[in-house]
Amino acid sequence: MRVKDETKQLAIVENTLDVVFERGIAGIKMADLANRVGLSVSTLYVYYRNKEDLIVSIAVELIERETQRSEQEITEDLPYKLKLKMLWLFWINFSINHKREMSFLEQLKKSPYYEKVPVSVKETKSKMAMNLIELGKQEGLLKNVDNNILIGIIGSLMGETVKLIMEGKMELNQKNIDLMFSMVWDAIKS
């Protein structure tokens, strides 16, 4: 068995993210990817068994890493509303500053490969948000409606905030972040 070179593996991941950003998940062709990275196809298959293994491995790594990072943003001593705002702001910053990764995750969710991501990884990703929503409902701070509706409202306004910023229609500054989050809060508070 050949030893895996960390530099080559990182190059494979980075180039895969580039390809998905440029052409979508369907645009990934293992031979083209190997060529792009400067590897033989057989060497690429030392790192990933096939396209599915490549996509799912990158997805698991991204989801686990970003979930862990987002959890670090939330400290127990923060008031509830600020905890929610910190998580919301983390994902806005991630979306703006990591376009390739966000594009990969968005496309992944719409692809058949998402079903191949282990349930435990997907549950870990949503667990923190769902726990935070439940806490807000228990404390009487959030509307007592289905959690998915609340997550949908938060996610939609987050997505629109990112879109406005990316399109240059809104500046990323404290005033606008406070304004957009207050709209989120007004929509979900009890």
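The structure this text deals with has already been given above.
Note that the structure is predicted; figures quoted are calculated from it, not measured.

A.B. asks: What is the right way to look at the packing of helix α1 (residues 6-23) against helix α2 (residues 30-37) in this model?
C.D. replies: For any two helices packed against each other, one specifies the crossing angle of their axes together with the interaxial distance. At their nearest, the axes of α1 and α2 sit 10 Å apart, and the two run at 120° to each other. The orientation of α1 relative to α2 falls into the category oblique. As for how α1 packs across α2, the hand of that crossing is right-handed. For the pair formed by α1 and α2, the contact residues are A11, I12, N15, T16, D18, V19, E22 and R23 on the first element and L33, R36 and V37 on the second. Of the residues in the contact of α1 with α2, the class split is five nonpolar, two polar and four charged.

A.B. asks: Even after reading the chapter, I still don't get the packing of helix α7 (residues 119-138) against helix α8 (residues 147-166), so can you show me in this structure?
C.D. replies: Where α7 meets α8, the axes come as close as 10 Å, and the angle between the chain directions of the two elements is 110°. In terms of orientation, α7 lies roughly perpendicular with respect to α8. Where α7 abuts α8, its residues A129, M130, I133, E134 and K137 lie against N147, N148, L150, I151 and I154. Classifying every residue of the contact of α7 with α8 by side-chain character gives six nonpolar, two polar and two charged.

A.B. asks: Mind showing me how you'd approach the layout of surface pockets here?
C.D. replies: In this structure, the largest pocket spans a volume of roughly 920 Å³. Lining the largest pocket are 33 residues, and of these W91, M102, K109, K125 and M158 lie nearest its centre. Considering every element that reaches the lining of the largest pocket, the biggest residue donor is α8, with eight residues. A per-class count over the lining of the largest pocket returns 19 nonpolar, seven polar and seven charged.

A.B. asks: Sorry, what's going on with helix α4 (residues 51-73) here?
C.D. replies: Within an α-helix, residues lying three or four positions from one another point in the same direction, as the helix has 3.6 residues per turn. With 23 residues, α4 extends 33 Å between its outermost C-alpha atoms, agreeing within 8% with the 33 Å of an ideal straight helix rising 1.5 Å per residue. Within the sequence span of α4, burial applies to D53, L54, I55, V56, I58, A59, V60, L62, I63, E66, T67 and S70. The secondary structure elements touched by the buried residues of α4 are α1, α2, α3 (41-47), α5 (80-97), α6 (99-109) and α7. Residue N50 occupies the N-cap position of α4, its side-chain oxygen lying 3.2 Å from the main-chain nitrogen of E52.

A.B. asks: Looking at this structure, I do not really get the environment of G159. What am I missing?
C.D. replies: Note that G159 resides in helix α8. It is 9.3 Å that separates the C-alpha atoms of G159 and W91, two residues lying 68 residues apart in sequence.

A.B. asks: Would you explain helix α9 (residues 174-188) in this entry?
C.D. replies: Spanning 15 residues, α9 covers 21 Å between terminal C-alpha atoms, matching the ideal 21 Å at 1.5 Å per step. Of the surrounding secondary structure, the elements contacted by the buried residues of α9 are α5 and α8. For α9, the N-terminal cap is N173; the gap from its side-chain oxygen to the backbone nitrogen of K175 is 3.3 Å.

A.B. asks: Please explain the packing of aromatic side chains as it appears in this structure.
C.D. replies: Within a pair of aromatic rings, the relevant descriptors are the distance that separates the centres and the angle that separates the planes. The tally for this structure, following the rule as stated, stands at five aromatic pairs. When the centroid spacing of 6.3 Å and the interplanar angle of 50° are considered together, the rings of Y80 and W185 count as tilted. With Y80 in helix α5 and W185 in helix α9, this residue pair connects regions lying 105 residues apart in the sequence. In this structure, Y80 and W185 share a single accessibility class: buried. Here the aromatic rings of W91 and F94 are separated by 5.2 Å at their centres, their planes lie at 80°, and the arrangement is edge-to-face. Of this pair, W91 and F94 are both found in helix α5, three residues apart, which corresponds to roughly one turn of the helix.

Conventions adopted
- Residues numbered from 1 in each chain as written.
- Predicted model: local features only at pLDDT ≥ 70, side-chain atom pairs only at ≥ 80, totals over all residues.
- Heavy atoms only, no water.
- Axes fitted to C-alpha atoms, helices over the stretch in contact; angles between N-to-C directions.
- Helix = DSSP H or I, 4+ residues; strand = E, 2+ residues; numbered from the N terminus.
- Parallel < 35°, antiparallel > 145°, perpendicular 65-115°, else oblique.
- Left-handed = near helix turned anticlockwise from the far one by under 90°.
- Contact = heavy atoms within 4.5 Å.
- Nonpolar A, V, L, I, M, F, W, Y, C, P; charged D, E, K, R; others polar.
- 1 Å grid on protein atoms, 1.4 Å probe; cavity = no way out; pocket = protein on both sides within 12 Å on 5 of 7 lines; lining within 4 Å.
- Points joined across faces, edges and corners; volume = space filled by probe spheres on them.
- Expected span 1.5 Å × (residues − 1).
- Buried < 20%, exposed > 50% of the residue type's maximum accessible area, 1.4 Å probe, protein only.
- Polar contact = N/O pair within 3.5 Å; in protein donor to acceptor, adjacent residues only side chain to side chain.
- Phe/Tyr/Trp six-rings, centres within 6.5 Å; stacked < 30°, edge-to-face > 60°.

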